[in-house]
Amino acid sequence: MAVILLGALGACGCLGAIFFGLGLGPLKDSAGAYAEAVAIARDNPLVQQELGAPIHPSFPRHASTSTLNGHTRTAFTLPLDGARANGTLHVKADEQAGQWVFLQLYVELEDGRILDLRPDQDATPDTEPAPLPGRGRDIEL
């Protein structure tokens, strides 16, 4: 019985490590950007007002990190679960001189509104982030 129990625990541990690696592996070089982005979102009064505190992040989706010649760039989306509502944190950041510079940092609410969290931006719910390079916006004529 003990062997079966230990085997089951070992299998769960291996599966957990695989899922952890698949979900957070691309973020290992950008853990600082991940932690900083989550802290900014959790501490933002508008995000707290819209989602409700406490706010819990889920596993990242669409995560990518690249490092070339000591320059690291990361991009990821992260579901946020609040007490009243849910949202998605969108992040695109570059590491410059050991500091993360957020090119894109916003929470998309369930109703489609955007809360831009970059300090140099107006963080009203109606603002939209700049389009990603190479992607246009649909314009209704």
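The preceding data block contains the structure.
First things first, this report covers the structure right here in the doc.

Conventions and cut-offs
- Along each chain, residue indices are assigned from 1 in the same order as the chain's sequence is written.
- A pLDDT threshold of at least 70 governs which residues receive local features in this predicted model, and a stricter bar of 80 or more applies before side-chain atom pairs are shown or counted, although totals over entire chains, interfaces and linings include all residues.
- Hydrogens and water molecules were not included; the side-chain quantities draw on all heavy atoms of the structure.
- Counting from the N terminus, the helices are DSSP H or I runs at least four residues long and the strands are E runs at least two residues long.
- Here a helix's expected span is defined as the number of its residues, less one, multiplied by 1.5 Å.
- Think of it in three bands: residues with accessible area under 20% of the maximum for their type are buried, residues over 50% are exposed, and the middle band is partly exposed, with areas taken using a 1.4 Å probe on protein chains only.
- The directions from the helix axis to the C-beta atoms are what the arc is built from.
- At least two bridges found by DSSP between two strands is the condition for calling them paired.

1. Section: helix α2 (residues 31-43)
An ideal rise of 1.5 Å per residue puts 18 Å on 13 residues; α2 measures up with 18 Å between its terminal C-alpha atoms. Restricting attention to buried positions, one finds in α2 the residues Ala33, Ala37, Val38 and Ala41. Taken around the axis of α2, the buried residues stretch over an arc of 125°, which confines them to a single face.

2. Things to note about unusual backbone geometry
Glycine aside, the phi torsion of most residues is negative, and most peptide linkages are trans. Omega for the bond connecting Ala53 with Pro54 falls within 30 degrees of zero, at 0°, which places this linkage in the cis form. Unlike most non-glycine residues, His62 shows phi in positive territory, near 55°. Unlike most non-glycine residues, Ala97 shows phi in positive territory, near 55°. Summarising the element assignment, Ala97 is placed in the loop between β4 (86-96) and β5 (99-109).

3. Some words on the pairing of β4
Of all 11 residues in β4, 8 are buried; the element is thus mostly enclosed. As paired elements, strand β3 (residues 71-81) and β4 share 9 bridges and run antiparallel to each other. From the neighbouring strand, Thr77 faces β4, where its bridge partner is His90. Joining the antiparallel neighbours β3 and β4 is a turn of 4 residues. As paired elements, β4 and β5 share 10 bridges and run antiparallel to each other. Along β5, the bridge assignment pairs Thr88 with Glu108. Connecting the antiparallel pair β4 and β5 is a turn made up of 2 residues, with Ala97 showing a positive phi of about 55°.

From the geometry alone we can't say anything about function, so treat these as descriptive.
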